[in-house]
Amino acid sequence: MKVDPDEIRRLPTGSAWVIRRGRAAKVAVERAPSTGGALLPEPMLLDPPLERVEVAMPREISYLDEED
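Calculation rules
Residues numbered from 1 in each chain as written. Predicted model: local features only at pLDDT ≥ 70, side-chain atom pairs only at ≥ 80, totals over all residues. Heavy atoms only, no water. Helix = DSSP H or I, 4+ residues; strand = E, 2+ residues; numbered from the N terminus. Rg over C-alpha atoms; globule rule 2.2 N^0.38 Å. Buried < 20%, exposed > 50% of the residue type's maximum accessible area, 1.4 Å probe, protein only. Areas by Shrake-Rupley, 256 points an atom, 1.4 Å probe, with all protein chains shown as cover. Lys, Arg positive; Asp, Glu negative; His and termini not counted. Charge placed at Lys NZ, Arg CZ, Asp CG, Glu CD. Pairing = 2+ DSSP bridges.

J.: Would you take a moment to explain the overall build of the protein chain for this structure?
T.: In terms of regular secondary structure, the protein chain is built from one helix and two strands. Ordered by position from the N terminus, the helices and strands of the protein chain form the series α-β-β. Relative to the 2.2 N^0.38 estimate, which gives 11 Å for 68 residues, the radius of gyration of the protein chain is 34 Å and therefore markedly larger than a compact globule would have. Dimensions along the principal axes, computed over C-alpha positions, put the protein chain at roughly 95 × 40 × 20 Å. Burial statistics for the protein chain: of 68 residues in total, 3% are counted as buried. Summed over its atoms, the accessible surface of the protein chain is roughly 7,900 Å², and 54% of this surface lies on carbon and sulfur atoms. Of the side chains in the protein chain, 10 bear a positive and 13 a negative charge, and the two mean positions are spaced by 33 Å.

J.: Explanation requested: the pairing of strand S1 (residues 15-20) in the structure shown.
T.: Across a regular strand the side chains alternate sides, sitting on one face of the sheet and then on the other. Pairing of S1 with strand S2 (residues 23-28), which is carried by six bridges, proceeds in the antiparallel orientation. Residue pairing across strands places Trp 17 opposite Lys 26, the latter belonging to S2. Between the end of S1 and the start of S2, which pair antiparallel, lie two residues, with Arg 21 showing a positive phi angle near 50 degrees.

Here it is as structure tokens:
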């Protein structure tokens with residue numbers, strides 16, 4: 001073992017052990033400063049809204065009639 005499990009359990013929040021190629025290093029990560037209530041930008045439309053299109057349908061379809 002590179003690091004004793006009890007030592008890992010005692011680490012404070014934001015700290016960790018990094019093990020790579022047989023070497024171990026203890027690292028700490030600092031929390032980024034809070035900017036308060038950061039707001040997301042307004043959403044942008046990717047596509048224009050759909051429009052309703054009405055098409056007049058033929059009353060009869062002549063090519064389906066039987067030919068004599």
